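Understanding the architecture of this molecule
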Amino acid sequence: MAIENQVDHEQLCVYTNCTGIMKKTDVDDYMSRIWTVSSHFGYNELFDTTQGDWSEFDFDQLFDIAKTASLLTAIDPGSKLAWVVSNEEIKNLTQLYAQSKAMITTQVRHQQAFFNRQQALGWLGVTE
């Protein structure tokens, strides 16, 4: 599994880490394991992309991923998603995802990319 999650019910936060070669099937699996669970509604998320290998990921599928995510009822549009990224290219791709999702629905959670994990945690208001 290339996307691993830890759910912290006390801090209402999902900690997500990408490892290995990333593919759309990994994203699909992650969404079905985490964002179809109604008890996660209202949770923020730290999504760390830095350990994943994105070289084989088909970024043309971002719109389809955003469309699927927009249909999930366990994602609270009032929550936050902090991306931890290692370079400008991945940061730009997170912004493309956010823009794709905003084209589909106005119910988009607040999203921001960070080059530093501690800054991302601070923005979410959580500690590890």
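Definitions and limits used
- Residues numbered from 1 in each chain as written.
- Predicted model: local features only at pLDDT ≥ 70, side-chain atom pairs only at ≥ 80, totals over all residues.
- Heavy atoms only, no water.
- Pairing = 2+ DSSP bridges.
- Helix = DSSP H or I, 4+ residues; strand = E, 2+ residues; numbered from the N terminus.
- Axes fitted to C-alpha atoms, helices over the stretch in contact; angles between N-to-C directions.
- Contact = heavy atoms within 4.5 Å.
- Buried < 20%, exposed > 50% of the residue type's maximum accessible area, 1.4 Å probe, protein only.
- Arc of directions from axis to C-beta.
- Patch = residues over 30% accessible without salt bridge, like charges linked within 9 Å, V, L, I, M, F, W, Y side chains within 5 Å.
- Areas by Shrake-Rupley, 256 points an atom, 1.4 Å probe, with all protein chains shown as cover.
- Salt bridge = Lys/Arg side-chain N within 4 Å of Asp/Glu carboxyl O.
- Parallel < 35°, antiparallel > 145°, perpendicular 65-115°, else oblique.
- Left-handed = near helix turned anticlockwise from the far one by under 90°.
- Nonpolar A, V, L, I, M, F, W, Y, C, P; charged D, E, K, R; others polar.
- Polar contact = N/O pair within 3.5 Å; in protein donor to acceptor, adjacent residues only side chain to side chain.

Let's shift gears to the sheet that holds strand β6 (residues 80-84). Pairing within the open sheet is mixed, and its 5 strands lie in the order β1-β2-β4-β6-β7. The open sheet has two edge strands with one neighbour each: β1 (3-8) and β7 (110-114). Taking the axes of each pair of neighbouring strands and ignoring which way they run, one obtains an average angle of 15 degrees across the sheet. Bridge count between strand β4 (residues 44-48) and β6: 4 bridges; the pairing is parallel. Bridged to L46 within β6 is A82. Across the sheet, helix α1 (residues 24-34) touches β1, β2 (13-18) and β4, and the angle it forms with β1 is around 20 degrees. Against the sheet, helix α3 (residues 88-104) touches β6 and β7, its axis set at about 170 degrees to β7.

A few words now on helix α2 (residues 62-70). Side chains of residues three or four places apart in an α-helix project in the same direction, reflecting 3.6 residues per turn. Listed as buried for α2 are L62, I65, A66 and A69. Each buried residue of α2 lies within a common arc of 100 degrees when the element is viewed along its axis, so the set occupies one face.

Quick look at a nonpolar patch on the surface now. Among the surface-exposed residues, F63, M103 and I104 lie close enough to one another that they form a single nonpolar patch of about 290 Å² accessible area. With respect to the secondary-structure elements, F63 resides in helix α2.

Moving on to the packing of α2 against α3. At a closest axis distance of 8 Å, the pairing of α2 and α3 adopts a crossing angle of 50 degrees. In terms of orientation, α2 lies oblique with respect to α3. The chirality of how α2 crosses α3 is right-handed. Within the contact between the two elements, α2 uses L62, F63, I65, A66, K67, A69 and S70 and α3 uses L93, L96, Y97, S100, K101, M103 and I104. Across the contact of α2 with α3, the residue classes break down as 10 nonpolar, 2 polar and 2 charged.

A few words on the pattern of salt bridges. The tally for this structure, following the rule as stated, stands at 5 salt bridges. Of the charged contacts in the structure, one is a salt bridge between R33 and D29, with a shortest N-O distance of 2.8 Å. On the criterion of helical spacing, the pair formed by R33 and D29 is a turn pair, its members being 4 residues apart in helix α1. Judged by relative accessible area, which is 28%, R33 ranks as partly exposed. With a closest N to O distance of 2.7 Å, D48 and R117 form a salt bridge. Of this pair, D48 sits in strand β4 while R117 sits in helix α4 (residues 117-124), and the two are 69 residues apart along the sequence. Among the residues examined, R117 registers a relative accessible area of 22% and is labelled partly exposed.

Moving on, we come to the environment of R33. Residues R33 and N5, 28 residues apart in the sequence, show an inter-C-alpha distance of 9.1 Å. Here the side chain of R33 touches N5 through a polar contact of 2.8 Å, side chain to side chain.

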